[in-house]
Protein chains: 2
Amino acid sequence: MKAAPSPEEIRRHNLGTLLRHVHLSGPASRAELAERMGLNRSTIMALTSDLTSAGLVSEELPRTTGKAGRPSLVVRPESARVHVLALDVGADRLTVARVGLGGVVLDRRNAPRQPDPFHPEEVVSVLVGLSRQLMRRARPDTVCVGVGAAFSGIVRQEDGVVRRSPNLGWTDVPFGAELGRRLGLGLRVSVGNDANLGALAERTRGAGVGLDDLIYLHGDVGIGGGVIVGGRLLGGVGGYGGEVGHMVVNPGGRPCGCGSHGCLEAEAGELALLAAAGRTGRTGREAVAAVVDAADRGDVTARDALHRVGDWLGYGVANLVNIFNPAMVVFGGVLREIYLGSAAQVRSRLALAGLGAAREQVRLRTSELGDEATLMGAAELAFADVLADPLEALARSKNPLP
Amino acid sequence: MKAAPSPEEIRRHNLGTLLRHVHLSGPASRAELAERMGLNRSTIMALTSDLTSAGLVSEELPRTTGKAGRPSLVVRPESARVHVLALDVGADRLTVARVGLGGVVLDRRNAPRQPDPFHPEEVVSVLVGLSRQLMRRARPDTVCVGVGAAFSGIVRQEDGVVRRSPNLGWTDVPFGAELGRRLGLGLRVSVGNDANLGALAERTRGAGVGLDDLIYLHGDVGIGGGVIVGGRLLGGVGGYGGEVGHMVVNPGGRPCGCGSHGCLEAEAGELALLAAAGRTGRTGREAVAAVVDAADRGDVTARDALHRVGDWLGYGVANLVNIFNPAMVVFGGVLREIYLGSAAQVRSRLALAGLGAAREQVRLRTSELGDEATLMGAAELAFADVLADPLEALARSKNPLP
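From a predicted model like this one, the values you see are computed outputs, not experimental measurements.

Engineer: Hey, could you run me through the overall build of chain A in this one?
Structural biologist: In terms of regular secondary structure, chain A is built from 14 helices and 16 strands. Taken against the 2.2 N^0.38 rule, which gives 21 Å for 402 residues, the C-alpha radius of gyration of chain A at 23 Å falls within 12% of a compact globule. Overall, chain A is about 65 × 50 × 45 Å in size when its C-alpha atoms are taken along their principal axes. Looking at chain A as a whole, 58% of its 402 residues are labelled buried. Residue pairs in contact within chain A that sit at least 24 positions apart in sequence constitute 63% of those at least 6 positions apart.

Engineer: I'm lost on the interface of chain B and chain A in this one. Help?
Structural biologist: How big an interface is tends to be reported as the loss of accessible area on association of its parts. Contact residues are listed per partner, giving 57 residues for chain B and 57 residues for chain A. Roughly 4600 Å² is buried in total at the junction of chain B and chain A, and carbon and sulfur atoms are behind 63% of that figure. Our enumeration of links across chain B and chain A arrives at two salt bridges. Residue A:Glu360 is joined to B:Arg163 by a salt bridge in which the shortest nitrogen-to-oxygen separation is 3.9 Å. Where chain B touches chain A, the interface holds 18 residue pairs in polar contact (both at pLDDT 80 or more). Secondary-structure elements contributing two or more residues to the side of chain B that touches chain A are helix 1 (7-25), helix 2 (30-37), helix 10 (300-324), helix 11 (334-353) and helix 12 (356-359) of chain B.

Engineer: Help me understand the nonpolar core, please; the structure alone is not making it clear to me.
Structural biologist: The tendency in soluble globular proteins is for nonpolar side chains to be buried as a group. Of all hydrophobic cores here, the largest spans 110 residues; its most connected members are A:Phe324 and B:Phe324. Every residue in contact with B:Phe324, bar those within four places of it in the chain, is listed here: A:Leu234, A:Gly236, A:Gly241, A:Ile323, A:Phe324, B:Ile215, B:Val227, B:Val229 and B:Leu234. Ranked by size, the runner-up nonpolar core spans 50 residues in total, among them A:Val82, A:Tyr216, A:Leu369 and A:Ala382.

Engineer: Looking at this structure, how should I read the packing of aromatic side chains?
Structural biologist: To describe a pair of aromatic rings, you give the distance between the ring centres and the angle between the ring planes. All names here are of chain A. This structure, assessed with the given rule, holds eleven aromatic pairs over all chains. Considering the side-chain rings of tryptophan 170 and phenylalanine 175, the 5.7 Å spacing of their centres and the 55 degrees angle between planes classify their relative orientation as tilted. Classification of phenylalanine 175 by relative accessible area gives buried; the value is 1%. Considering the side-chain rings of phenylalanine 331 and tyrosine 339, the 4.1 Å spacing of their centres and the 5 degrees angle between planes classify their relative orientation as stacked. Judged by its relative accessible area of 4%, tyrosine 339 is buried. Counting every residue linked through ring pairs, the aromatic cluster contains Phe151, Trp170 and Phe175.

Engineer: Just checking my understanding: could you explain the pairing of strand 15 (residues 328-333) of chain A for this structure?
Structural biologist: Regular strands place their side chains on alternate faces of the sheet. All names here are of chain A. When you tally the buried positions in strand 15, you get six out of six residues, the bulk of the element. Here strand 12 (residues 214-219) pairs with strand 15 via six bridges, running parallel. Opposite glycine 219, over in strand 15, you have glycine 333 as the bridge partner. Looking at chain direction, strand 15 and strand 16 (residues 363-366) are connected through four bridges and run parallel. Each bridged residue has a counterpart across the sheet, and for valine 329 the counterpart in strand 16 is leucine 364.

Engineer: Would you take a moment to explain the relation of the copies chain B and chain A for this structure?
Structural biologist: Note that the two copies of the chain are related through a rotation about an axis and a translation along the same axis. Of the transformation superimposing chain B on chain A, the axial component is 0.1 Å and the angular component is 180 degrees, with the fit at an RMSD of 0.0 Å. Both copies are brought into coincidence by an operation consistent with a two-fold rotation axis. Scanning chain B for the C-alpha nearest the rotation axis identifies B:Val249, at a separation of 3.1 Å. When the interface residues of chain B are mapped onto chain A, 100% of them are again interface residues, pointing to one common binding face.

Engineer: What should I look at first to understand the sheet that holds strand 9 (residues 161-165) of chain B in this one?
Structural biologist: All names here are of chain B. Across the sheet, three strands lie side by side as 8-9-10; this open sheet has antiparallel pairing. Each end of this open sheet is capped by a strand with a single partner; those strands are strand 8 (154-156) and strand 10 (170-173). Across this sheet, the average inter-strand angle for adjacent strands is 15 degrees, counted without regard to direction.

Engineer: Sorry if this is basic, but what is going on with the pattern of salt bridges here?
Structural biologist: Opposite charge on two side chains permits them to pair, given that their charged atoms come into close proximity. All names here are of chain A. Overall, the coordinates contain 50 salt bridges over all chains when judged by the stated rule. Between arginine 139 and aspartate 141 there is a salt bridge, with the nearest N and O atoms lying 3.0 Å from each other. Overall, the relative accessible area of 22% leaves aspartate 141 in the partly exposed class. For the salt bridge of arginine 396 with glutamate 392, the shortest nitrogen-to-oxygen distance reads 3.3 Å. Of the two residues, arginine 396 and glutamate 392 are both situated in helix 14 (residues 390-396); the distance of four residues between them amounts to about one turn of the helix. Look at glutamate 392 and you get partly exposed, because its relative accessible area is 37%. Among the charged side chains, a salt-bridge network with shared partners connects Glu8, Arg11, Arg12, Asp50 and Asp389.

Engineer: How should the packing of helix 6 (residues 194-205) of chain B against helix 13 (residues 373-388) of chain B be read in this particular structure?
Structural biologist: Helix-helix packing: each pair is described by the crossing angle between the helix axes and the interaxial distance. All names here are of chain B. Where helix 6 meets helix 13, the closest approach of the two axes is 7 Å, and the angle between their N-to-C directions is 85 degrees. On the basis of their axis angle, the class for helix 6 and helix 13 is roughly perpendicular. Residue-level inspection shows Asp194, Leu197, Gly198, Ala201, Glu202, Thr204 and Arg205 of helix 6 in contact with helix 13, the latter providing Ala373, Thr374, Met376, Gly377, Ala378, Glu380 and Leu381. Along the lines of polarity and charge, the residues of the contact of helix 6 with helix 13 split into six nonpolar, four polar and four charged.

Engineer: Help me out: how do you make sense of the domain arrangement of chain A in this one?
Structural biologist: For chain A, the assigned domains are domain 1 (7-62 + 69-77), domain 2 (82-196 + 373-396) and domain 3 (210-367). Relative placement of domain 1 of chain A and domain 3 of chain A: their C-alpha centres are 41 Å apart.

Engineer: Help me understand helix 5 (residues 175-183) of chain B in this model?
Structural biologist: Given 3.6 residues per turn, any residue in an α-helix points the same way as the ones three and four places further on. Residue and element names in this part refer to chain B. Taken residue by residue, helix 5 has Phe175, Gly176, Leu179, Gly180 and Leu183 as its buried positions. Considered in projection along helix 5, the buried side chains sweep an arc of 125 degrees and stay on one side of the axis. Downstream of helix 5 by one or two residues, glycine 184 has phi in the positive range, about 65 degrees.

Engineer: Help me out: how do you make sense of the sheet that holds strand 16 (residues 363-366) of chain B in this one?
Structural biologist: Backbone hydrogen bonds are what pair the strands of a sheet, in a parallel or an antiparallel way. Residue and element names in this part refer to chain B. With mixed pairing, five strands are arranged side by side in an open sheet as 14-13-12-15-16. Across the chains shown, the open sheet's two edge strands, defined by having one partner strand only, are strand 14 (232-233) and strand 16. With respect to the sheet, helix 11 is in contact with strand 12 (214-219), strand 13 (223-229), strand 15 (328-333) and strand 16, its orientation differing from that of strand 15 by roughly 145 degrees.

Rules used throughout
- Residues numbered from 1 in each chain as written.
- Chains lettered and ligands numbered in written order.
- Predicted model: local features only at pLDDT ≥ 70, side-chain atom pairs only at ≥ 80, totals over all residues.
- Heavy atoms only, no water.
- Helix = DSSP H or I, 4+ residues; strand = E, 2+ residues; numbered from the N terminus.
- Rg over C-alpha atoms; globule rule 2.2 N^0.38 Å.
- Buried < 20%, exposed > 50% of the residue type's maximum accessible area, 1.4 Å probe, protein only.
- Contact = heavy atoms within 4.5 Å.
- Buried area = accessible area lost by both parts, 1.4 Å probe.
- Salt bridge = Lys/Arg side-chain N within 4 Å of Asp/Glu carboxyl O.
- Polar contact = N/O pair within 3.5 Å; in protein donor to acceptor, adjacent residues only side chain to side chain.
- Core = buried A, V, L, I, M, F, W, Y, C linked by side-chain atoms within 4.5 Å.
- Phe/Tyr/Trp six-rings, centres within 6.5 Å; stacked < 30°, edge-to-face > 60°.
- Pairing = 2+ DSSP bridges.
- Least-squares fit on C-alpha atoms with pLDDT ≥ 70 in both.
- Axes fitted to C-alpha atoms, helices over the stretch in contact; angles between N-to-C directions.
- Parallel < 35°, antiparallel > 145°, perpendicular 65-115°, else oblique.
- Nonpolar A, V, L, I, M, F, W, Y, C, P; charged D, E, K, R; others polar.
- Domains from an automatic or database assignment.
- Arc of directions from axis to C-beta.

Right, here's the structure in full:
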């Protein structure tokens, strides 16, 4: 328990808060900002003046004003000049994007994921190559204030070490440090679990805007979970929390990549669906979509497969609803398609196994950001430093504004 | 997102923080408090002076001082004068205690729980009667600053309504309001789920002191869960979170009081153990202890029953470890005995179904506060107001200090 902050800490906090407002909610007048932050207009003016001098925001007269008197200047984020690099190591591709303040994707590059074995050096090389292409195409007066990466696996967030990724076969890989060294931007690379970042993104700009209690379930080869509890991402003591894909829903059931049996991802994930539908070989989004399409056309095997998988998904969702009492569960990645094809089954299982009080309050939704969810989450991770302490973070970036 | 606090808010925050330090950690010198709170000694002096005038703390010279120079005054909570009423509606008894600042039980009274049907009016009457006895025995210069109650059921915390308690057969009972009205102390009655309060208590003064990620599993007739995530109690959007007893671990298994099948409480709770051991009729702590004793003496049926129940408990714990990555899981109430009798089974299941990274970090422990856990949690709930804003809360209490 610490005492209250000093005036200098208060100023930094207020600078970050103001910048966060325009980053998340878009341009706002000084008057609006004063009201939202509970500060007087002279304090807001001092704060915007500091942020304008730093090149983080700009101020301009509003285009139209319905009111008499001097109009309040509109503060907008310098999206084209202040950006981050957001990286996404997905199940079947690598993506890098330059994302501007305010969450605008300025530029992006993809590369297909190479076949196994999938060495860390190759992944880092591809990501660095894509990043360099983007940085070369950026205007010379821009500044990169952070780098964030979404990774499908168990990540130690404080140093970006990938502890375990069954899908890529990695164990204890210093991914963030190596990526940072090779990029040579003088910025640390923040790495997060892709489902956690998807949860943050859906809450920031997607299906769950403004919700403090939200669960995002991300399907690729496995099922990852990002859980927001009371407005904060569930981390646990070591940052490994949220592994809801390894909740056992069917004891003694299908073997799981983790070594256990009957985990949610083993029973309700992409591979379970494709196996139940008798479709081996092809995997990924198209293969899943093909099963859902076949079921829609009346294919009995496909329908039964979705029914079976939806039942286990329903058990998982009911357990999570009872444990977390969330306002929303969001299905992303290939789970979006799986949920759309099995929603009735999921809801029926939830009705049986969910407790009334919590069940009444939850909404089930598909991801609004779709394939962008994890990438946008990586961008938010990269913006965290500049939003916490704007001027300090800007001073640390190697390529300051001219 | 709000701006930083005003000077008056900072002062209130600091008063509460200082009081919380001596409440939780016991008497401390001004110098120690200055260091812990990161404030200078003149600020600490002003704060302790305010709290002393209000009668919340006292200051005295330390008994011995090894150092030269003027010794730092020791600040101690006025435990004998400032107290709360803590109430516990348990599975087999009702308890009321006067608990002094600092967590000292000053006085207590029990009454056995009446046989079913168990009407809310009767419960409230018994609790009010016990409370009056305690208040009459209190010194005239004491002040009651809050009332907190632990309840075995789903509680809406903001107004103390019991939404559902299968064990008592209650639905939507305005328990807190009715109790407050009948007590006539002019204080609101805060009501919390007993397992949630047990979690708070174990973290404050029990097995999990200082841990920010902790799960407390409370067994009475059912299994309740209190989950602390990142230092805060998991509430969920409606405050119904933490119902881990209704996580389905065995689909299609034993029927549960909630209407579902195979819930953790239906498979690993007291009733499951007694049924598996072939002991119907008696329930409660002694009946559970008798099964554990029998198993220790080599009774094969009792041993098999503990084995079976421990296996499901292990599935539940493994799921919670994967989902929450907690530093500790604490077994309280009758689950203390069940865990002690089946620890090997629980650990073996955890080893199979728990993910390495999270499994390495969790410790399994029995409750240190034992039968007091939920009662002490109710006391902490009752202290919340005076710790948040000491002078304001004191002014609101009807019986101010002389």
